[in-house]
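Results of the structural survey
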Amino acid sequence: MKPAAPLKYLGAYAPALQAQVCELIAQDRLGEYLSSRYQATHQVSNDKALRLAALELKDRFMRNTPPLDKVVYDSKLQVLRDALGTHTTVSRVQGQRLKSSREIRVATVFRDAPAEFLKMILVHELAHLKESDHNKAFYQLCTHMAPDYHQLELDLRLYLTFLECGKAKRTPDLRPSDKGFQ
Ligand SMILES: [Zn+2]
């Protein structure tokens with residue numbers, strides 16, 4: 001069965017899995033699947049909180065990498081372009097020195113997403129501080145920081161798919177909670 005809209009977030013997954021997702025969409029049950037697994041939104045609602053969340057993960061798992069200069073939400077970010085956020089190393093001349101700036105930008109859509117998804121994005125972008133490609137070492141680092149990384153990435157892609165096909169419809173019933181970011 002061909003989906004009405006192509007599953008652009010799921011292109012790298014097996015056809016059988018994509019067919020299953022089409023089935024869920026056709027039955028209008030994708031939101032139900034997501035809300036059964038992810039209930040909480042998070043309180044990382046501004047750049048300051050985002051930076052703290054990133055630094056907390058970095059201090060815990062990647063203490064030896066150079067400091068981050070900037071961590072921000074970016075409303076102009078195209079979610080799909082580099083999987084989901086961007087990490088950049090910008091070289092700029094400051095005075096006489098060439099200083100390398102390390103930035104993490106997170107698409108604004110994750111400000112309102114479940115906590116687990118924001119964590120997954122931060123883990124992904126932090127892992128890029130060490131590995132620029134999506135290679136084996138990169139994913140090892142991701143699963144070191146978030147053992148269920150692969151499941152989270154799949155579910156996050158399902159969430160984006162859901163938002164896209166339900167744009168004029170409804171969003172998943174993710175009950176707000178005062179649970180902080182963990
Ligand atoms: Zn990436």
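Just so it is clear, the model here is predicted, and its values are computed rather than measured.

1. With respect to the overall build of the protein chain
The helix and strand tally for the protein chain stands at six helices and three strands. Burial analysis of the protein chain (182 residues in total) assigns 27% to the buried set.

2. Quick look at the packing of helix 2 (residues 30-37) against helix 6 (residues 149-165)
Relative to each other, helix 2 and helix 6 sit at 135°, their axes nearing to 10 Å. One element, helix 2, and the other, helix 6, form an angle in the oblique class. In this structure, helix 2 meets helix 6 at a crossing whose hand is left-handed. Residues Leu 30, Gly 31, Leu 34 and Arg 37 of helix 2 lie in contact with helix 6, whose contacting residues are Asp 155, Leu 158, Tyr 159 and Phe 162. Among the residues making up the contact of helix 2 with helix 6, the classes are represented as five nonpolar, one polar and two charged.

3. Regarding the packing of helix 4 (residues 115-127) against helix 5 (residues 136-145)
In the contact formed by helix 4 and helix 5, the axes pass within 9 Å of each other and the chain directions differ by 135°. Comparing the axis directions of helix 4 and helix 5 gives the class oblique. As for the relative orientation of helix 4 and helix 5, their crossing is right-handed in sense. Contacts from Val 123, His 124, Leu 126 and Ala 127 of helix 4 reach helix 5 at Phe 138, Leu 141, Cys 142 and Met 145. Across the contact of helix 4 with helix 5, the residue classes break down as seven nonpolar, one polar and no charged.

4. As for the nonpolar core
Counting 34 residues, the largest nonpolar core has Phe 117, Leu 118, Met 120, Val 123 and Tyr 159 as its most contacted members. Taken together, the elements giving at least two residues each to this core come down to helix 1 (15-26), helix 2, helix 3 (47-61), strand 3 (97-107), helix 4, helix 5 and helix 6. At nine residues, helix 4 tops the list of elements feeding residues into this core. Excluding its chain neighbours within four sequence positions, the residues that come into contact with Val 123 are Leu 57, Cys 142, Met 145, Ala 146 and Tyr 149.

5. Examining unusual backbone geometry
The phi dihedral of Asp 28 falls on the positive side, at around 60°, and the residue is not glycine. The topology assignment puts Asp 28 in the loop between helix 1 and helix 2. Looking at Asp 28, the number of C-beta atoms within 10 Å reads 12, which means it is exposed.

6. Comments concerning helix 1
Along its twelve residues, helix 1 runs 16 Å from first to last C-alpha, staying within 8% of the 16 Å computed at 1.5 Å per residue. Phi for Asp 28, located one or two positions after helix 1, is positive at around 60°.

7. Topic: the environment of Lys 8
By the secondary structure assignment, Lys 8 is in the segment before helix 1. Expressed as a C-alpha distance, the spacing of Lys 8 and Thr 161, which sit 153 residues apart in the sequence, is 7.9 Å.

8. With respect to the confidence of the model for the protein chain
Chain-level statistics for the protein chain give a pLDDT mean of 81 and a share of 74% at 70 or above. Within the protein chain, helix 3 carries the highest mean pLDDT (96), whereas strand 2 (residues 85-94) carries the lowest (53).

Scoring rules and cut-offs
Residues numbered from 1 in each chain as written. Predicted model: local features only at pLDDT ≥ 70, side-chain atom pairs only at ≥ 80, totals over all residues. Helix = DSSP H or I, 4+ residues; strand = E, 2+ residues; numbered from the N terminus. Buried ≥ 20, exposed ≤ 12 C-beta atoms within 10 Å, placed from the backbone. Axes fitted to C-alpha atoms, helices over the stretch in contact; angles between N-to-C directions. Parallel < 35°, antiparallel > 145°, perpendicular 65-115°, else oblique. Left-handed = near helix turned anticlockwise from the far one by under 90°. Contact = placed C-beta atoms within 7 Å. Nonpolar A, V, L, I, M, F, W, Y, C, P; charged D, E, K, R; others polar. Core = buried A, V, L, I, M, F, W, Y, C linked by C-beta atoms within 7 Å. Expected span 1.5 Å × (residues − 1). pLDDT = per-residue confidence, 0-100.

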